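Per-entry structural report
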Amino acid sequence: GMVSAARDNPFDRYETYAMVQAPTEIKYTDLKEMVDVNIEFTTLPIVVHEDYFRLNDQQMMVPVTVQIDNKDLTFQREGDQQAANVAVYGIVTNIGRRFVSEFEDDLRLAFPPDQLTIGLSKKSVYQKLLFLDRKQRYKLDLIVKDLNTSQVGVVRKALVPPTYKEGELDASSVLFAQSIRVLDTIPDEEAMFVLGDVKVTPNITRSLAPGQPVRLYYQVYNVALDQSTMNPSLSVVYQLLKNGEVLRETTDSGGESIQFFSGQRVVMLRELNVTGVPPGAYVIRIKVSDQISGKNLELDESFLIEAQKG
């Protein structure tokens, strides 16, 4: 249901984070040096994906998500578990190659021996939330190292915040999620996968197992608020398309997708059932209509339904 803008704004705390992105003391200096010497080889396959959410007029929130196939990691016996240990190091520079921020994390993935086979068939995700200036372009160098074998995955990519049209209805990236959970309390410190008060574990390859629903998280900007109630009035149509043809359609006319709104943003959550849809490539089309301003927005997001295994 709708949540009034008057309650605590779950995005307020990021206004302070954005101020204190000071460099921490980096322990993995070997990984930092790999960036400096421009290492090109990769022996650990990783997938990196970034999304863009508007924080305010100056800044973007940019969650950077790293996905690893567990089978590409080396597990060793630790006590009564099989464990993989991974180090992540990232550095963000601007186009003038000036330092913006850096981060590192230690990740541990462990399974009881009888669960290892199942664990190896799954993927693991890590996320770092960056705060970047909306008007600048950046470069991210990211290195992931398997500490059990010293294999490394290296990814370099440009981070280019989208330009928003002032006054037009606009949207953030659309996050396809493995899971979405609204939290009872807003975490005090930064927690992985948390945007505001919603925990969104991303599915960055956008591939769904048969029967798995499409779970969407996105934000809409420049939404008009009703002058008497101060509520938004959005109608959203969700369409499932294959080769340009609409197979299914569902309409949310009473704001069912709205999880939170303020003058800055409207947070949208939606789960769509695609049971019985055969494997293949599809598009979710999201049509947002602002009933107050009369402005419209259309987003096309491609995804895959995997074939049944076994």
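Structure's up top.
Below you will find a few notes about this structure. (Residues numbered from 1 in each chain as written. Predicted model: local features only at pLDDT ≥ 70, side-chain atom pairs only at ≥ 80, totals over all residues. Heavy atoms only, no water.)

Some remarks on helix α2 (residues 29-36)
How we decide: Whether a residue is buried, partly exposed or exposed follows from its accessible area with a 1.4 Å probe, protein chains only, as a fraction of its type maximum: under 20%, in between, or over 50%, in that order. Helix and strand labels come from DSSP, where a helix needs a run of H or I of at least four residues and a strand needs a run of E of at least two; each type is numbered from the N terminus. Note that the arc is computed from the directions linking the helix axis to the C-beta atoms. By definition in these notes, contact holds between two residues if any of their heavy atoms fall within 4.5 Å.
Every buried residue of α2 is listed here: Leu31, Met34 and Val35. Taken end-on, α2 shows its buried residues confined to a sector of 100°, consistent with a single buried face. On its buried face, α2 is in contact with β5 (81-94), β8 (138-146) and β9 (152-159).

Some details on the sheet that holds strand β14 (residues 207-208)
Note the cut-off: Here, strands pair whenever DSSP counts at least two bridges between them.
Across the sheet, five strands lie side by side as β14-β21-β20-β16-β17; this open sheet has mixed pairing. Unpaired on one side and paired on the other, β14 and β17 (245-252) mark the two borders of the sheet. Judged from the 10 bridges that link them, strand β20 (residues 280-290) and strand β21 (residues 296-305) form a sheet pairing that is antiparallel. Following the sheet pairing, Lys287 is matched in β21 by Glu298.

Regarding the pairing of β17
The side chains of a regular strand alternate between the sheet's two faces. Bridge count for strand β16 (residues 234-242) against β17 is seven bridges, and the pairing is antiparallel. Bridging from a neighbouring strand, Tyr238 pairs with Thr250 of β17. The turn linking β16 back onto β17 is made up of two residues, and Asn243 within it adopts a positive phi angle of 50°.

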